[in-house]
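Working through the structure, step by step
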Amino acid sequence: MKATLLATALLAVAGRTAASVLPRDAADDGLTEPQDLADLLAQARSQVIGAVEENEQQMRKRGETPRCTTRNLVFRREYGSLSKKERLAYINAVKCLQSKPPRTPASVAPGAKSRFDDFVVTHIQQTLQIHYSGVFQPWHRWFVYQYEKALRDECGYTGYQPYWDWPRYARAPQDSPLFNGDPYSLGGNGEYVPHDGPVIVPPEGVGGGPIQLPAGVGGGFVRTGPFANMTVNLGPVGGLRDTAPGPLGGLGYNPRGLKRDLGPAMNTRYANYTTVLRLLTQPNVDAFRLVSEGVPYTVEIGPHGGIHYTISGDPGGDLFTSPADPAFWVHHGQMDRMWAVWQALGELAPGANNPRLTDLGSGEYAHNTWQNQPPSPLTQLSDVIDMGYAAPSTTIGNVMSTTGGELCYFYL
Ligand SMILES: *[C@@H]1O[C@H](CO)[C@@H](O)[C@H](O)[C@H]1NC(C)=O
Ligand SMILES: *[C@@H]1O[C@H](CO)[C@@H](O)[C@H](O)[C@H]1NC(C)=O
Ligand SMILES: [Cu+2]
């Protein structure tokens, strides 16, 4: 009874937060969608808090000590809902990571100049195994968690990884608290230069064809905000027409300024309220992944690709090197949030095992190779998530739940 009261109290707080984040003019896709979404999110939070309580009680009955409880469960928040002080703390921790020496040996990646770059190297090295394959979601969950952990353990950050609520700023992401270029943003848009949108081309051995995407309203160097004139050390690797790859397959040293091409065209087309509602109501993981990731190098690239190319520019337009733009981490925060919320909505009854915490699917994206090309075995819970030099590795089974294994977080 007491535990239930706690859950109710937490939910009241969470519910208020959800309601207050509704944008005033979220009308593009119909007025009811933001409210429908807020209801789904509240349902997911209630499920997660309930499941954590239930597990806690069961374990205590058996004389065991639960690792994740309602007392230490933490909530990741939307970037714009952080106070200015909290945003500054996050920004300064990212800059700190960019100033710490790398762990990656120069013999492996001479372009890696910082702890921040260690994460970029790991992503570049594994890009063709960790996308459109069964490990995609758990790999990126662990990747973001380890980045958050590095910010906290190595750079004194006391908050948690914020996320980019895609549809919230879809009409003008360049004016959002994330990218408006003020001292609390992740840096502004690139300076405007007249340009066409990018033509994305499949890397060698990958299906699909060249796709012309719409342009944003920047395209040049980032000159405003905390990451103005930031230096990108690694990449690019490939995937954009008319872009010369950097040395050593992108692992060499190739210092250049950060560019972005944010704008409404990609964001409204690929990551609006309809998209998010559709995503969260998919019946199984194969269907969820098809909506989330779309079909690579076709017009339907889903919100995952849609937001990568909303950031665009350099390195944002290069799937391999994209984590070298600080914006990557708030995008993948939201990717993980979508998956975690969808997982939570799969609980059939209180206390029953939730199939979405163990099912890795059997579709085209459930294998060990990109779109199952060449054909490969289905990904297993016992398979390893390899973090290279960036962080410790783990297994998929350890990260399927955000409140299991080492993890103990959810999203507001
Ligand atoms: C960024 O670099 C440009 C060109 O070198 C320079 O004019 C500008 O002052 C720099 N801005 C900041 C914030 O460092
Ligand atoms: C919203 O996104 C979907 C794809 O998820 C797209 O088909 C639709 O056209 C978008 N709506 C608008 C108004 O652009
Ligand atoms: Cu990735």
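Attention here is on the structure that accompanies the text. Bear in mind that the values here come from a model prediction, so they are computed numbers and not experimental data. (Residues numbered from 1 in each chain as written. Chains lettered and ligands numbered in written order. Predicted model: local features only at pLDDT ≥ 70, side-chain atom pairs only at ≥ 80, totals over all residues. Heavy atoms only, no water.)

Focus: the coordination of the copper ion (ligand 3)
Within the protein, the atoms that donate to the copper ion (ligand 3) are H123 (NE2), H131 (NE2) and H140 (NE2), at distances of 2.0 to 2.2 Å. Sequence positions of the donors to the copper ion (ligand 3) reduce to the motif H-x7-H-x8-H. Assigned by exposure class, H131 and H140 land together as buried. (Donors = N, O, S within 2.8 Å, 3.2 Å for Na, K, Ca; no water. Buried < 20%, exposed > 50% of the residue type's maximum accessible area, 1.4 Å probe, protein only.)

Points about the packing of aromatic side chains
Applying the stated criterion across every chain yields a total of 19 aromatic pairs. Residues Y147 and W329 carry aromatic rings whose centres are separated by 3.7 Å and whose planes lie at 5° to one another, so their mutual orientation is stacked. One end of the pair, Y147, is in helix 5 (residues 136–155); the other, W329, is in helix 11 (residues 327–344), with 182 residues separating them in the sequence. Like Y147, the residue W329 is buried in the burial classification. With 6.2 Å between their ring centres and 65° between their planes, F410 and Y411 make a pair best called edge-to-face. We classify Y411 as buried; its relative accessible area is 1%. Grouping aromatic residues by their ring pairs yields a cluster made of F116, F119, W139, F143, Y147, F328 and W329. Geometry around Y409 places R76 over its ring, the cationic atom sitting 3.9 Å from the centre. Cation over ring: K95 sits above F227, and NZ or CZ is 5.8 Å from the ring centre. (Phe/Tyr/Trp six-rings, centres within 6.5 Å; stacked < 30°, edge-to-face > 60°. Helix = DSSP H or I, 4+ residues; strand = E, 2+ residues; numbered from the N terminus. Lys NZ or Arg CZ within 6 Å of the ring centre and 35° of its normal.)

As for helix 3 (residues 84–99)
With 16 residues, helix 3 ought to run about 22 Å at 1.5 Å a step, and its terminal C-alpha atoms sit 22 Å apart, in line with that. Taken together, the buried positions of helix 3 are occupied by R87, Y90, I91, A93, V94, C96 and L97. In this structure, the buried side of helix 3 is in contact with helix 4 (115–130), helix 5 and helix 11. (Expected span 1.5 Å × (residues − 1). Contact = heavy atoms within 4.5 Å.)

Quick notes on helix 5
With 20 residues, helix 5 should cover 28 Å at 1.5 Å per step; its first-to-last C-alpha distance of 27 Å lies within 8% of that length. Counting buried residues along helix 5, 16 of its 20 residues qualify, which places the element largely inside the surrounding structure.

Nothing here speaks to function; it is all geometry.
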